[in-house]
Amino acid sequence: MNSTSSAFPGSLAATQFESTNARHAFPCYDEPAKRATFSVTINHNPTYTALSNMPKNEAESSNGKTVFQSTTNMPTYLIAFIVSDFKYSEGTFYGLKQRVYSRPGSEDEQEWGLLSGMLITQRLADYYGIDFMLPKLDQAAIPNKGGAMENWGMATYAENYMLYNKENSTIYTQTNIANIIGHEICHQWFGDYVTVEWWTYLWLKEGFAELFSFKATDDAYPEWGIWQQFHTDDYQTALVNDAGNNPTPMTHYVQTPAEISSRYNHVSYSKAGSVLHMWNHALTDKIFQRGLHNYLDANKFGAAVENQLFQALQNAINSESFKIPASIAEMLGTWSHNGGYPLLTVTRNYDDGSFDVHQKAFFNNETIQSDNLWYIPFNYAVKSKPDFRDTQASHYIPNVGNTKVNEKISNDDWLILNKQSTGFYRINYDERNWRLIIEGLISKPYQIDVRNRAQLMHDAYRFSSSKRLSHSILMEMLTYLSKEDQYAPWSTANGIINVYNRYLNGHGDYKNFQEFISQVTQPTYEKFGINDVPGEHHYVKYTRNVVINLACVANNEQCLKETNAKLQEHIDHKRVIEPNVKSQIFCHGLRQTSDKIFDHVFDKLMDSADQTERNLMISSMGCAQQESHLAKFVSSSTDGNNKLRSQERTTILSSAYTRGQKGLNAAIDFLDKEWQAYAQLSSATGRTNPLDIALRDMSSYVVSKEQETKFMALIDKVKGSSYVSTDLELVVKSRIVDNFDWLKQHGDPIMSWLSTYRSGASATVKVSTISIIVTLLMALHRMF
């Protein structure tokens, strides 16, 4: 098939055809299983450059006309072309030429993407045992593009997913670039070389790309330890999102373009990646690797369905005489065809050392029931043998619901299933075992794998939220954090604590919660400090930011003092704030600060031409806790004489009211006087009903009777206007009721536990103080 496109002078033309948009560019059978060869010719302004999937055919091209070599057999949605004035950097690794293209002036930011692309491409080729199949691989950073796209031989990315500035970019940007490159380059095999028969099987390419975005990055940069981030970003996210009332299976038939688009969700990405990760470990990497080679080789330049993957894995299993309780099609099929995932309930027999494991479907709503059952691989570790290295499945729960493990586990050993949390399920234990695990975490946390430490908290939180476990178990578990310094547990704790903080910040005993968080964060805060340290471990930088945020929100005096001092040094003496901690220093440095410093940051926002810096200033000023500062900040949203950009004005309020009680009060007080002016921002920003949207969102943060009274008075004032929907009052009342229900169900037991803990801590302090005084007196007595 031939495709010719003409491009007229302009800044940029770029395509994005997945899933069903190639038909808008040229006549075609626009389905993933239908493949053809394509000859692309682009007529364009001679001052621009044209790019496509294949290299330029130099012999047939001329000034203003670029002819490309014919493609290999490929689906329409992977065709791509760009006409631009982009500049590039290039390199060759193992004989494959790679380039990174981006707008002029950004060439210095291409190096990291080019290096990562070359390393990751070769790591994947080695793992799959299949060389990259085209003569070149380009990566292009597209301004104003969202996401990234795996066009065969020419992947495209949003600029922030490809460009890395050594001076100003953060460790998050660096990691994200490598990770997304891993995702798109994995697609060159899973999606391009072998595509899916139909979008029903989208997980068959997106699940692999999600898994190998981490697997390839880990192979390229093993010193990072990126699997901690896989655990928090993909595994835990999938567990949360796949536990709704009616979860969709990984394999799910779709037909219309809208239905196809809906498949690009957590199920096809994070869940599928996590399920594949589970079987990678359960079957061993050797078998998984061989199975993937079999799959790619058998279906090259074609399309596949899930059974072809199952057969390829089964062939690898058979070739190694590997023992499994049923065919891989039967076992993995229970995961691809059942929505949701299992809850394993472990009950120990402390007399004979055995334990029973029962499975049932897990839902966030504990009242929902399902008949779904899975084949579940698992393994376990115990306190007397705390070895979490071997993640191969030692046992399987058949899809009949239960299994018994006849083991001689000592009754004072903790028992933890699912080493390294590779299995995609939640695990609830009997209370005695939970207590033994907590003792183990407090006494010797590093005997337990870091991902298990994170997941134990994550499970305990979800169980306490759904009446499956006492809140005291989770709260006691959180006390071990004073000995924790790894990212995955702190990231998990951060999610839990932020939810609690959101609801409890209006409680009369809120200070008890703050004191508790301040205590458990203090040792790690002191260990890492507020300064970025060159050469330190990759995820220390992630952990530092989590701990700074938690400590300062908890009103830790040292944190507030040091972040404010660092911000003041930056403003008064031009001391550079390292990019990796900049957002934390600005946010928490402004929590307790002078008018001079706040005004300086405010003026910096107004004068800055850098959108990234402007976003940072807006986010940071919402952290302020002084009423005058917050009043000045929120009122800026409707001040037509300032230099705020139109799209920024409707982001101001949320920066304040999402940060706590004082920010919410400031937003309510402002809207009480200026609601009409705020509502009229719609004409300037293009955002529909900004007042209605703000009020609905604000209601989710109303957590005290005083706030409710003020907020509902505001609702009464605006509800009859044309600026809000007729159901506004009903919606916000419902959300506030939900908030108070949460506080009754969860807030009361949490605050009761904190009160008891505080009394115990005070008693401990008093006893310790008395002991110190007695010791000193005895020493003085001996001296004199």
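Per-chain numbering applies: the sequence of each chain, read as written, is numbered from 1 onward. Local features are withheld for residues below a pLDDT of 70 in this predicted model, meaning they are given only at 70 or higher, and side-chain atom pairs are given and counted only at 80 or more; totals for whole chains, interfaces and linings count all residues. As a rule here, side-chain values cover all heavy atoms of the structure and leave hydrogens and water aside.

Peer 1: Would you mind showing me how to read the environment of V732 here?
Peer 2: With respect to the helices and strands, the residue V732 is situated in helix α26 (residues 728-783). With a 1.4 Å probe rolled over the protein chains alone, any residue whose accessible area is under 20% of its type maximum counts as buried; one over 50% counts as exposed, and the rest are partly exposed. The exposure class of V732 is buried, given its relative accessible area of 0%. With 124 residues separating them in the primary sequence, V732 and S608 have C-alpha atoms 37 Å apart. In what follows, a contact means two residues having at least one pair of non-hydrogen atoms within 4.5 Å. Look past the residues within four positions of V732 in its chain and what remains in contact with it is L695, R696, S699, F711, M712 and I715. A run of H or I in DSSP becomes a helix once it reaches four residues, and a run of E becomes a strand once it reaches two; helices and strands are each numbered from the N terminus.

Peer 1: I tried to follow unusual backbone geometry on my own but got confused; where do I start?
Peer 2: Negative phi is the rule for most residues except glycine; trans is the rule for most peptide bonds. A cis geometry characterises the amide bond from E18 onward to S19, with omega recorded as 5°. Within the secondary structure layout, S19 lies in the loop between β2 (12-14) and β3 (35-36). Located in the positive-phi region is Y94, a residue other than glycine, with phi close to 55°. Note that Y94 resides in the loop between β9 (87-93) and β10 (96-102). Y94 sits in the exposed class, given a relative accessible area of 64%. One non-glycine residue with positive phi stands out, namely K467, at about 65°. Among the secondary structure elements, K467 is positioned in the loop between α11 (450-465) and α12 (471-478).

Peer 1: Would you mind going over the layout of surface pockets with me for this structure?
Peer 2: Rolled over the atoms, a probe sized like a water molecule indicates the empty space that remains. A cavity here means a set of points on a 1 Å grid, drawn over the protein atoms and nothing else, where a 1.4 Å probe fits but cannot get out; a pocket is an open set with protein on both sides within 12 Å along at least five of seven lines, and a residue lines either one if it has an atom within 4 Å of a point. Grid points are joined across faces, edges and corners, and a volume is the space filled by probe spheres set on the points. The calculated volume of the largest pocket comes to roughly 1,600 Å³. If you go around the largest pocket, you meet 48 residues; those closest to its centre are T170, P579, S583, T612 and L616. At the level of elements, α2 (171-187), α13 (487-504), α15 (538-553), α17 (582-589), α19 (611-621) and α22 (661-679) are the ones that each hand at least two residues to the lining of the largest pocket. The element that contributes the greatest number of residues to the lining of the largest pocket is α19, accounting for seven residues. A breakdown of the residues in the lining of the largest pocket according to their chemical character gives twelve nonpolar, 26 polar and ten charged. Here the term charged refers only to Asp, Glu, Lys and Arg, the term nonpolar to Ala, Val, Leu, Ile, Met, Phe, Trp, Tyr, Cys and Pro, and the term polar to all other amino acids, Gly among them.

Peer 1: How do you make sense of the sheet that holds strand β8 (residues 81-84) when you look at a structure like this?
Peer 2: Two pairing modes exist for strands in a sheet, parallel and antiparallel, and in both the strands are linked by backbone hydrogen bonds. Whether two strands pair depends on DSSP finding at least two bridges between them. If you walk across this open sheet you meet the three strands as β2-β8-β5, and the pairing is antiparallel. Of all the strands in the sheet, the pair left with one neighbour each is β2 and β5 (49-52). Across the sheet, the mean angle separating the axes of adjacent strands is 10° when strand polarity is ignored. Angles shown run from 0 to 180 degrees and are taken between the N-to-C directions of axes, each axis being a line fitted to C-alpha atoms and, for helices, limited to the stretch in contact.

Peer 1: What exactly am I supposed to notice about empty space enclosed by the protein here?
Peer 2: The tally for this structure, following the rule as stated, stands at five cavities of 30 Å³ or more. If you trace the largest cavity, you find it lined by I416, L417, N418, S421, Y425, I427, Y429, N452, Q455, L456 and D459. Elements supplying a minimum of two residues to the lining of the largest cavity: β22 (415-417), β23 (426-429) and α11. For the lining of the largest cavity, the element with the highest residue contribution is α11, accounting for four residues. Tallied by class, residues from the lining of the largest cavity come to six nonpolar, four polar and one charged.

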